[in-house]
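Chain residues, written in single-letter form:
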Amino acid sequence: LGKIVARVSDDQFIFFFPGMTEEEAPAKCMELKEQILGKLRKIYVNQSNPAFGYCVVNDGETIERLRGRAMFAKSLAKLERTLYHAYDEKAAIELTNTVLLLDEFDRTLERSGVEVWYQPKYDIHGKCIGGAEALARWRAKDGQIISPGRFVPLLEERGKIAALDEYVFTKVCLQQKKWIEEGLPVVPVSVNISRGSLLTSDIVHRYQQILESTGIDQSCIYLEITEDSVHADVVKIIKAFRQEGFHMLMDDFGRGSSNLANLRRDLFHGVKFDKSLIDLISSQVEETVLRSTMQMVQSMGMQITAEGVELQEQVDFLESLGCDEIQGYFYYRPMKADAFARLLESRYRS
């Protein structure tokens with residue numbers, strides 16, 4: 001009784017529930033989600049992820065301030081990929097500082113304030129380093145490293161993630177070229193390419209031009225695409241990359257609701273099993289699921305890399321299944337380029 005509902009813009013709405021306590025808000029968010037999804041299903045819309053933010057009304061506060069707090073809380077829910085989030089004053093201050101930092105993003109790239117680190121991939125069959133993944137590390141003006149979990153979602157939200165992806169790809173190409181010229185051992189380095197980049201106009205041509213300008217072959221650079229990016233609108237882009245000779249890897253397989261239909265040999269050369277799957281190694285029933293999935297991928301002729309491996313029992317289990325590569329703290333943590341070069345040189349020339 002007395003509730004108010006108003007449409008703010010597009011698919012954003014605001015609700016006012018007099019008398020509701022903060023403790024009751026999560027249950028109300030769950031209820032609203034079911035109502036929304038129910039109505040969407042009636043019009044044959046099956047994919048939707050509502051996000052809610054809520055705040056408590058205090059005396060003397062304006063509607064605009066309350067709305068702003070609720071909208072901010074909703075942005076936190078989206079960043080954390082949760083259904084709902086309460087307004088948090090501390091988080092508001094922190095995020096404001098982060099947004100101010102992101103305003104410096106272009107200048108940060110220009111001064112190479114984003115570093116490229118490397119996490120080695122251990123080749124189980126060859127008992128050596130078989131490759132690495134390139135990881136972006138933002139170094140702030142005070143010298144502190146900012147977590148990717150903090151800035152990547154914001155870059156995606158602000159439409160700047162493609163600039164970061166291309167920057168990292170270019171840096172890796174140049175670094176590989178430098179190592180080749182110095183006569184150092186070179187292994188394939190995989191670079192993440194986001195859904196935002198995949199939808200960028202002429203993306204395949206742009207990446208091919210970068211390769212040609214640096215004189216690097218596709219065998220030196222792999223592209224990783226997260227499983228949740230594999231939708232109909234990007235399949236043709238993945239195929240276009242493959243036609244140009246790029247080696248494609250499906251990243252984060254097993255995180256969330258996996259779709260086995262995405263495991264297509266015509267799209268990917270290899271699959272990276274997410275840490276959430278690797279952590280199943282402890283229960284006989286769950287291990288059976290992991291074993292069956294790996295055997296299916298192997299039967300399709302695709303390489304398997306296990307991510308987030310930290311324990312000896314995980315390594316033993318993966319080796320018994322014939323897993324190809326292991327990437328995780330058990331063997332190596334991410335490291336700077338010079339440290340990775342020294343590691344390669346010592347491993348291959350010892």
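A. Structural view of the confidence of the model for the protein chain. For the protein chain, per-residue confidence averages 87 on the pLDDT scale, and residues scoring 70 or more make up 96% of the total. Mean pLDDT per element in the protein chain: helix α3 (residues 89-102) is the minimum at 75, and strand β8 (residues 189-192) is the maximum at 98.

B. Broad picture of the state of the cysteines. For the coordinates displayed, the defined rule picks out zero disulfides. Of the cysteine sulfurs around C29, a residue in no disulfide, the closest is that of C55, at 11 Å. There is no disulfide at C173, and the cysteine sulfur nearest it, in C220, is 8.6 Å away. What makes C173 buried here is its relative accessible area of 0%.

C. Spotlight on the environment of L66. Among the structural elements, L66 can be located in helix α2 (residues 63-79). Separated by 73 residues in the primary sequence, L66 and R139 have C-alpha atoms spaced 35 Å apart. Look past the residues within four positions of L66 in its chain and what remains in contact with it is C55, V56, V57 and E61.

D. Representation of the side chain of D324 within the structure. Tracing the chain through its elements places D324 in the loop between α12 (312-320) and β13 (325-327). One buried charge, D324, has no salt-bridge partner; the nearest side chain with opposite charge is K121, at 11 Å. A polar atom in the side chain of D324 sits 2.8 Å from the backbone nitrogen of I304. Other than its neighbours up to four places away in sequence, D324 contacts Y122, D123, I124, H125, M302, Q303 and I304.

E. Looking closely at the packing of helix α6 (residues 161-181) against helix α8 (residues 203-214). One can describe the packing of α6 onto α8 by two numbers: an axis separation of 10 Å at closest approach and a directional angle of 25°. Classed by the angle they form, the pair α6 and α8 counts as roughly parallel. Remark: the crossing between α6 and α8 carries right-handed chirality. In this structure, α6 uses D165, E166, F169, T170, C173, L174 and K177 to contact α8, whose residues at the interface are R206, Y207, I210, L211 and T214. Classifying every residue of the contact of α6 with α8 gives six nonpolar, two polar and four charged.

F. Local environment of the pattern of salt bridges. Overall, the coordinates contain 16 salt bridges when judged by the stated rule. E31 is paired through a salt bridge with K28; the nearest N and O atoms lie 3.4 Å apart. A residue pair is termed a helical-turn pair when its members lie 3 or 4 positions apart in one helix, as E31 and K28 do in helix α1 (residues 25-42) at three residues. Its relative accessible area of 39% is what places E31 among the partly exposed residues. Shared partners join several salt bridges into a network, and the residues in it are K121, E133, E224, K272 and E307.

G. Seen up close, the packing of aromatic side chains. Applying the stated criterion across every chain, the model contains 16 aromatic pairs. Here F330 and Y331 contribute two aromatic rings whose centre-to-centre distance is 5.0 Å and whose plane-to-plane angle is 85°, an arrangement assigned as edge-to-face. Feature note: the residues Y122, F330, Y331 and Y332 constitute an aromatic cluster, connected by ring pairs.

Reading guide: rules and limits
- Residues numbered from 1 in each chain as written.
- Predicted model: local features only at pLDDT ≥ 70, side-chain atom pairs only at ≥ 80, totals over all residues.
- Heavy atoms only, no water.
- pLDDT = per-residue confidence, 0-100.
- Helix = DSSP H or I, 4+ residues; strand = E, 2+ residues; numbered from the N terminus.
- Disulfide = S-S within 2.5 Å.
- Buried < 20%, exposed > 50% of the residue type's maximum accessible area, 1.4 Å probe, protein only.
- Contact = heavy atoms within 4.5 Å.
- Lys, Arg positive; Asp, Glu negative; His and termini not counted.
- Salt bridge = Lys/Arg side-chain N within 4 Å of Asp/Glu carboxyl O.
- Polar contact = N/O pair within 3.5 Å; in protein donor to acceptor, adjacent residues only side chain to side chain.
- Axes fitted to C-alpha atoms, helices over the stretch in contact; angles between N-to-C directions.
- Parallel < 35°, antiparallel > 145°, perpendicular 65-115°, else oblique.
- Left-handed = near helix turned anticlockwise from the far one by under 90°.
- Nonpolar A, V, L, I, M, F, W, Y, C, P; charged D, E, K, R; others polar.
- Phe/Tyr/Trp six-rings, centres within 6.5 Å; stacked < 30°, edge-to-face > 60°.

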